Amino acid sequence: MKKLRVLVCALSSMIALQSTGFCQEPTKGYNMYVPDAYRIPDELNTRLGTLKFDDGRPEKETAEKLYDYLLFSRATNVFLDNIPAVSTMGLFEEHKRFGVPN
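Positions within a chain are numbered from 1, following the residues in the order the chain's sequence is written. Given that the model is predicted, a residue must reach a pLDDT of at least 70 before its local features are reported, and side-chain atom pairs must reach 80 or more before they are shown or counted; all residues, however, enter totals for whole chains, interfaces and linings. To obtain the side-chain values, all non-hydrogen atoms of the structure were used and water was disregarded.

Any Lys or Arg side-chain nitrogen located within 4 Å of an Asp or Glu carboxyl oxygen qualifies as a salt bridge. Scanning the model with the defined rule gives four salt bridges in all. The partner of Asp36 in a salt bridge is Arg39, with the nearest N and O atoms 3.8 Å apart. Salt-bridge contacts for Arg57 lead to Asp54; the nearest nitrogen and oxygen are separated by 4.0 Å.

Structure below.
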């Protein structure tokens, strides 16, 4: 009896889930509807220039531009994060040069 109840629940949930797919017509290239708010435009103007996408994937030039920007951004971040350490090291070196004890 318990197995029958579980089977009926499983079948009814499968039918309910499959029937929701018939409410919307599939879009070209996709199996489900994607709202406009979530779609990536084909061209996007940024301070890096125009970024071009093909069906949501960046084109080769766009990907290279983004990787270059990320590399530059990370290098700048590392430089700025290490300024206090280098400054402190410089103070220690100058103290040593003038004979100030630790």
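The next point concerns the sheet that holds strand β2 (residues 49-54). One requirement defines pairing of two strands: DSSP has to find at least two bridges between them. Segments assigned H or I by DSSP are reported as helices when at least four residues long, segments assigned E as strands when at least two residues long, and all are numbered from the N terminus. Reading across from one edge, β1-β2-β3 is the order of the three strands in this open sheet, with antiparallel pairing throughout. Strand pairing shows two members of the sheet lacking a second neighbour, β1 (43-46) and β3 (57-58), which therefore form its edges. Judged from the four bridges that link them, β1 and β2 form a sheet pairing that is antiparallel. Bridge pairing in β2 places Thr46 opposite Gly49. By definition, residues are in contact when any of their heavy atoms lie within 4.5 Å. Only the contacting stretch of a helix is used when fitting its axis, a line to C-alpha atoms as for every element, and angles between N-to-C directions run 0 to 180 degrees. With respect to the sheet, helix α2 (residues 60-97) is in contact with β2 and β3, its orientation differing from that of β2 by roughly 130°.

Turning next to α2. Take the number of residues in a helix, subtract one, and multiply by 1.5 Å to get its expected span. Between the first and last C-alpha of α2 there are 53 Å, a value that for 38 residues agrees with the 56 Å anticipated at 1.5 Å per step. The angle between axes fitted to the seven-residue stretch ending at a residue and the seven-residue stretch beginning at it gives the bend at that residue. The largest bend in α2 is about 40°, located at Ile83, with the proline Pro84 one to four residues further on. Of the residues trailing α2, Gly99 is marked for its positive phi of about 85°.

In this structure, Thr62 sits in helix α2. In this structure, Thr62 is in contact with Leu51, Lys52 and Phe53, ignoring residues within four places of it in sequence.

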